[in-house]
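# Structural features, examined
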Amino acid sequence: MNAPAPMNGPRYDEFITVPKVRVIDQDGENLGVLYTKEAIATAHEVGLNLVEVSPGADPPVCKILDVGKFKYEAQKKAAAARKNQKTQEIKEIKMRPNIDDHDYETKMKAVARFIDEGDKVKLTLRFRGRELSHSEMGLRLLERVRDDAIDYAKVEQLPKMEGRQMLMVIAPR
């Protein structure tokens, strides 16, 4: 053993420590259970490596293939899985309790767009001055938002007061 054991990736050739392995050849044919040394010799005869693909099986399953190509394919597969992953963000929409109808519709279009993109929406209602004593107006407004967005969103956090603002979080259905 002149090379160090592989730290990441599958074990291959002389790094496979078990006495017997189930061997699959380069064409996908099952060669059966062989002694590890025999299997390594078989792999070297065709100019490839013996790579452990399922170490948890009894006996472990090994394939005859090129270890460099195998690692490269695994790396590409992992990168593709990372690329296709969508992180869910929380977008914030700020309103006032006495918002005008047109402004409300504009905000609701933005809410619908964010929900369609798969993001959560945090609705923040800011109270100023005397508006704070009429928090039921804010509650009615957030209930109106909930009712208007009922087709494409669900309420994740019910409206609650936090200091001078009322918050509600909605998420895609």
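Not measured: the values here are computed from a predicted model. Note on numbering: residues in each chain are counted from 1, in written sequence order. Thresholds applied to this predicted model are a pLDDT of at least 70 for local features of residues and 80 or more for the giving and counting of side-chain atom pairs; totals over whole chains, interfaces and linings are not thresholded and use all residues. Where side-chain values are given, they derive from all heavy atoms of the structure, hydrogens and water being excluded.

## A short note on the packing of aromatic side chains
For Phe, Tyr and Trp, where Trp contributes only its six-membered ring, two rings pair if their centres lie within 6.5 Å, and the inter-plane angle classes them as stacked under 30 degrees, edge-to-face over 60, or tilted in between. With the rule as written, the count across this model stands at 1 aromatic pair. An angle of 80° between the planes, with centres 5.3 Å apart, marks the rings of Y12 and F15 as edge-to-face. Each member of the pair, Y12 together with F15, is buried. Stacked on the ring of Y104, the Lys or Arg R144 has its end atom at 3.7 Å from the ring centre. Each residue is placed in one exposure class: buried if its accessible area under a 1.4 Å probe, protein chains only, is under 20% of its type's maximum, exposed if it is over 50%, and partly exposed if it falls in between. In this scheme, the term charge over a ring applies when either NZ of a lysine or CZ of an arginine sits within 6 Å of the ring centre and within 35 degrees of the ring normal.

## Overview of the pattern of salt bridges
When a carboxyl oxygen of Asp or Glu lies within 4 Å of a side-chain nitrogen of Lys or Arg, that pair is called a salt bridge. By the definition in use, this model includes 7 salt bridges. Across the pair E131 and R96 runs a salt bridge, and its minimum N-O distance is 2.7 Å. Taken together, the residues span a long stretch of sequence, with E131 in the loop between β6 (120-126) and α4 (135-148) and R96 in the loop between β5 (90-95) and α3 (101-116) at a distance of 35 residues. We classify R96 as partly exposed; its relative accessible area is 29%. In this structure, K160 and E162 form a salt bridge, with 3.6 Å as the shortest nitrogen-oxygen distance. For K160, a relative accessible area of 40% puts it in the partly exposed group. Accessibility expressed as a relative area gives 39% for E162, which makes it partly exposed. Starting at the N terminus, helices and strands are each numbered in turn, a helix being any DSSP run of H or I of at least four residues and a strand any DSSP run of E of at least two.

## Here we look at the sheet that holds β5
Only strands joined by at least two bridges in the DSSP assignment are considered to pair. The strand order across the open sheet formed by 4 strands is β5-β6-β8-β7, and the pairing between neighbours is mixed. Each of the sheet's edge strands pairs with one partner strand only, and the pair in question is β5 and β7 (153-162). Across the sheet, the mean angle from the axis of one strand to that of its neighbour is 20°, orientation sign disregarded. The sheet contact formed by β7 and strand β8 (residues 165-172) spans 7 bridges and is antiparallel. From the neighbouring strand, K154 faces β8, where its bridge partner is A171. Contact between two residues is taken to exist if any of their heavy atoms lie within 4.5 Å; hydrogens are not considered. To obtain each axis, a line is fitted to C-alpha atoms, and for helices this fit is confined to the stretch in contact; angles are then taken between N-to-C directions over 0 to 180 degrees. Taken strand by strand, α3 contacts β5, β6, β7 and β8, and its axis lies near 175° from that of β5. Relative to the sheet, α4 contacts β5, β6, β7 and β8, its axis offset from that of β8 by approximately 10°.

By themselves these figures say nothing about function.
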